[in-house]
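# Architecture at a glance
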Amino acid sequence: YDESRTDGTEWNLVNGVKREIFPPQLSVSKPENGLLKIAFSGISSGSAWTLERSPMPNFPTTNVVGTVLSDSNGVAVWYFNLALYPKMFFRARPAQSGETAR
């Protein structure tokens, strides 16, 4: 199964360990000082992720907001200047070759 697209409970029958599985979540916080805080959680610690923006929800064209490394809790965070583009849609994806985290 594709763990990043699955939610539920996993039981390890050998050692009896139970683990809850949650799909990654993209969340946008209320603007502070003109900046949106965009967080992608539920991902591997130390992995590189790229945030893309588009004026349309089906992402016919995209621009990269930035690439960051997720923290030790598996959360990647970006800050977006709302004044530049007041109406945007966002999506996160694994960073590609040549995209460096800042």
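A few points on the structure.

### Regarding the overall build of the chain
Looking only at helices and strands, the chain features zero helices and eight strands. Starting at the N terminus, the α and β elements of the chain follow one another as β-β-β-β-β-β-β-β. Referenced to the eigenvectors of the C-alpha coordinate spread, the extents of the chain come out at roughly 55 × 30 × 25 Å. Among the 102 residues that make up the chain, the fraction classed as buried is 25%. Taking all contacts inside the chain whose residues are at least 6 apart in sequence as the whole, residues at least 24 apart take part in 52%. As displayed, the chain offers around 7100 Å² of accessible surface, 53% of which is attributable to carbon and sulfur atoms.

### A closer look at the nonpolar core
Core analysis: the biggest nonpolar cluster contains 13 residues, and I38, F40, W49, A76, W78 and F90 have the highest contact counts within it. Elements represented by at least two residues in this core include exactly β4 (35-41), β5 (48-54), β7 (75-81) and β8 (89-94).

### Section: the pattern of salt bridges
As enumerated under the stated definition, the model contains three salt bridges in all. Between R91 and E52 there is a salt bridge, with its nearest N and O atoms 2.7 Å apart. Note that R91 is positioned in strand β8 and E52 in strand β5, a separation of 39 residues in sequence. Taking the relative accessible area as the measure of exposure, R91 reaches 35% and is therefore partly exposed. The residue R93 makes a salt bridge to E52 at a minimum N-O spacing of 2.8 Å. Separated by 41 residues along the polypeptide, R93 in strand β8 and E52 in strand β5 bring together distant segments of the chain.

### Thoughts on the sheet that holds β7
One key point about sheets: their strands pair by backbone hydrogen bonds, in either a parallel or an antiparallel sense. Strand order in this open sheet of three strands is β3-β4-β7, and the pairing throughout is antiparallel. What marks the edges here is a single partner per strand, and that holds for β3 (25-28) and β7. Pairwise comparison of adjacent strand axes, ignoring direction, gives a mean angle of 15° for this sheet. Bridge count for β4 against β7 is seven bridges, and the pairing is antiparallel. The residue bridging F40 from the neighbouring strand is A76, located in β7.

About the thresholds
Residues numbered from 1 in each chain as written. Predicted model: local features only at pLDDT ≥ 70, side-chain atom pairs only at ≥ 80, totals over all residues. Heavy atoms only, no water. Helix = DSSP H or I, 4+ residues; strand = E, 2+ residues; numbered from the N terminus. Buried < 20%, exposed > 50% of the residue type's maximum accessible area, 1.4 Å probe, protein only. Contact = heavy atoms within 4.5 Å. Areas by Shrake-Rupley, 256 points an atom, 1.4 Å probe, with all protein chains shown as cover. Core = buried A, V, L, I, M, F, W, Y, C linked by side-chain atoms within 4.5 Å. Salt bridge = Lys/Arg side-chain N within 4 Å of Asp/Glu carboxyl O. Pairing = 2+ DSSP bridges. Axes fitted to C-alpha atoms, helices over the stretch in contact; angles between N-to-C directions.

On their own, these measurements won't tell you what the molecule is for.
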